[in-house]
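# Inside the fold
Listed below are the residues making up each chain.
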Amino acid sequence: MDFRENDEQGQLRRTLRQFLERQAPTRTVAELDRAGRYPRDIVDGIAALGVWGMCISETYGGSGADTLSVAVACEELQRAGGCIASAVTPTMTFCAPGVERWACPEVRARLLPELAAGRLRMSIGLSEPDVGSDLAAIGMRAEPVDGGFLVSGSKTWATGADVADYIFALVRTGPAGSGYRGLSVLLLPRAELSMTITPIPKLAGQATHSCEIRIDNGFVPAQYLVGELNRGADVVLPLLEMERVICAAQCVGMAQGAYDTAVAYAAQRMQFGRPVIEHQAIGHLLVEMAADVECARLVAYHAAWEMESPTAAQAATSAMAKLVCSQIASSVASRGMSVMGAYSYSPDYPMERYYREVKLFEIAGGTSHILKNIIAKRLRPGPVASW
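The sections below set out a description of the structure shown in this document. All of these numbers come straight from a predicted model, not from anything done at the bench. (Residues numbered from 1 in each chain as written. Predicted model: local features only at pLDDT ≥ 70, side-chain atom pairs only at ≥ 80, totals over all residues. Heavy atoms only, no water.)

### Considerations on the nonpolar core
Within the largest apolar cluster, 69 residues are counted, with the highest numbers of intra-cluster contacts made by Leu 20, Ile 42, Ile 46, Val 70, Leu 77, Ile 84 and Met 92. When residues of this core are assigned to their parent elements, the largest contribution, 14 residues, is made by helix H7 (residues 232-268). Not counting residues up to four positions away in its chain, the partners in contact with Leu 77 are Leu 16, Leu 20, Ile 46, Ile 84, Ala 85 and Val 88. If you look at the next biggest cluster of nonpolar residues, it comprises 51 residues, including Ala 96, Ala 103, Leu 186 and Val 235. (Core = buried A, V, L, I, M, F, W, Y, C linked by side-chain atoms within 4.5 Å. Buried < 20%, exposed > 50% of the residue type's maximum accessible area, 1.4 Å probe, protein only. Helix = DSSP H or I, 4+ residues; strand = E, 2+ residues; numbered from the N terminus. Contact = heavy atoms within 4.5 Å.)

### Here we look at the environment of Ala 296
Looking at the element boundaries, Ala 296 is found in helix H8 (residues 280-307). The exposure class of Ala 296 is buried, given its relative accessible area of 0%. Those residues in contact with Ala 296 that lie beyond four places of it in its chain are Val 252, Cys 325 and Ile 328.

### A word on unusual backbone geometry
With phi around 60 degrees, Trp 157 is a residue other than glycine that occupies positive phi space. As for its position among the elements, Trp 157 is in strand E3 (residues 148-159). On the basis of relative accessible area, Trp 157 is assigned to the partly exposed category, the value being 46%.

### Structural notes on the pattern of salt bridges
Per the stated rule, a full pass over the model turns up 20 salt bridges. Salt-bridge contacts for Glu 76 lead to Arg 13; the nearest nitrogen and oxygen are separated by 2.7 Å. Of this pair, Glu 76 sits in helix H4 (residues 67-80) while Arg 13 sits in helix H1 (residues 7-23), placing them 63 residues apart in sequence. No difference in accessibility class separates Glu 76 from Arg 13, as the two residues are buried. In the salt-bridge network here, residues are joined through shared partners; they are Glu 5, Arg 13, Arg 17, Glu 75, Glu 76, Glu 294 and Arg 297. (Salt bridge = Lys/Arg side-chain N within 4 Å of Asp/Glu carboxyl O.)

### Remarks on empty space enclosed by the protein
Taken as a whole, this structure holds one cavity of 30 Å³ or more when the rule is applied. Within this model, the largest cavity holds a volume of roughly 70 Å³. Tyr 38, Ser 86, Ala 87, Pro 90, Thr 91, Arg 121, Met 122, Thr 159, Gly 160, Val 163 and Ala 164 together form the lining of the largest cavity. Split into classes, the residues belonging to the lining of the largest cavity amount to six nonpolar, four polar and one charged. (1 Å grid on protein atoms, 1.4 Å probe; cavity = no way out; pocket = protein on both sides within 12 Å on 5 of 7 lines; lining within 4 Å. Points joined across faces, edges and corners; volume = space filled by probe spheres on them. Nonpolar A, V, L, I, M, F, W, Y, C, P; charged D, E, K, R; others polar.)

### Remarks on the pairing of strand E4 (residues 166-172)
Buried residues dominate E4, accounting for seven of its seven residues. Neither face of E4 is left uncovered, since the one carrying Tyr 166, Phe 168, Leu 170 and Arg 172 and the one carrying Ile 167, Ala 169 and Val 171 both have all their residues buried. For strand E1 (residues 122-125) and E4, the ladder comprises four bridges, and the chain directions are parallel. Paired with Gly 125 across the bridge in E4 is Ala 169. As judged from the seven bridges shared by E4 and strand E5 (residues 183-189), these two strands associate in the antiparallel manner. Within E5, the residue paired with Phe 168 across the bridge is Leu 187. (Pairing = 2+ DSSP bridges.)

### A short note on helix H9 (residues 314-340)
Here H9 is 27 residues long and its end C-alpha atoms lie 38 Å apart, about the 39 Å a rise of 1.5 Å per residue gives. Summarising burial for H9: 19 of the 27 residues are buried, a large majority. At the C-terminal side of H9, Gly 341 shows a positive phi close to 60 degrees. (Expected span 1.5 Å × (residues − 1).)

### Quick word on the side chain of Thr 89
Among the structural elements, Thr 89 can be located in helix H5 (residues 82-102). Classification of Thr 89 by relative accessible area gives buried; the value is 9%.

### Some thoughts on the packing of helix H3 (residues 40-48) against H5
At a minimum axis distance of 10 Å, the contact between H3 and H5 shows a crossing angle of 50 degrees. The orientation of H3 with respect to H5, classified from their angle, is oblique. Taken as a pair, H3 and H5 cross one another with a handedness that is right-handed. For the pair formed by H3 and H5, the contact residues are Ile 42, Val 43 and Ile 46 on the first element and Ile 84, Ala 87 and Val 88 on the second. Here the contact of H3 with H5 is built from residues that sort into six nonpolar, no polar and no charged. (Axes fitted to C-alpha atoms, helices over the stretch in contact; angles between N-to-C directions. Parallel < 35°, antiparallel > 145°, perpendicular 65-115°, else oblique. Left-handed = near helix turned anticlockwise from the far one by under 90°.)

Structural data, given as structure tokens:
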């Protein structure tokens, strides 16, 4: 097993890092979040770099990148700012692959080139006001009618819905109480439906809004069915496994950013006549942070590598990667706050943002408790790869 970055991955990291340090420095991201202003210029610039099409095949104008390369990109996006990553990753790593794998040929041909170019964007519509972890209880109703579906109901925490062209929504097409067997995936075209979209105030990543959506008897053409009728779980569950790997990589980005910020600060901050990095208590904290970042990166990259050759252990491996990396990122950000003391509270540094942003990754894409349930069902003696 070789997890070293190849030349292309190294160049991708350098290109994104340079672009984001220039276009999205800490002060800019803080101002965007404070104003709740969508980072349109930044995400358009990311599109110009070809990042939006990384998970789309060359047939449709993408680059068909391997999962490890996608993880590297998402790591850098999250390191720069949660509002930037959350503007890109739902379309890039969840919706676009779902469309390419399961949508009808006409929809693939029409939407995928636009998605690859970053001219078309999507939002994920899974959660509902009364449904979070238990997706089998989805209530948004899509009643099959001649030529399509009549959709009614609500979605919540649909990040980027107010700037998206389509909502990639899990809806109920079977009878009430049919659980996963009655779910389907529909693309809800925002311009063609009368939707009420309301941003939800939140702790972090405020520049890219997470929204509540309400639809009443909106007609959606049958061509926007993704996958088979009443087989929506077959679409969403594999995409959630990929999402967890990407979340793990994003946690690495935050942990790396927190460590980078802390060690740079400790090297220049003078106390008692010398840089604080030379004080043993601070030095030891930084050593622990550095070691944890490396551990998180290995776990995340291994999960990304395994996505290239799916195995029976993939669900547990992706769940474990997100669980471990979110825990590490939270711990590293907390220790970074200790290293920087009062300055960690200032938006002039990204540390306070990492401290806030990391909490999302213990919730989104499967809460830590749900992930532990997924892993617990597969516990066996021996390494994960043998499960």
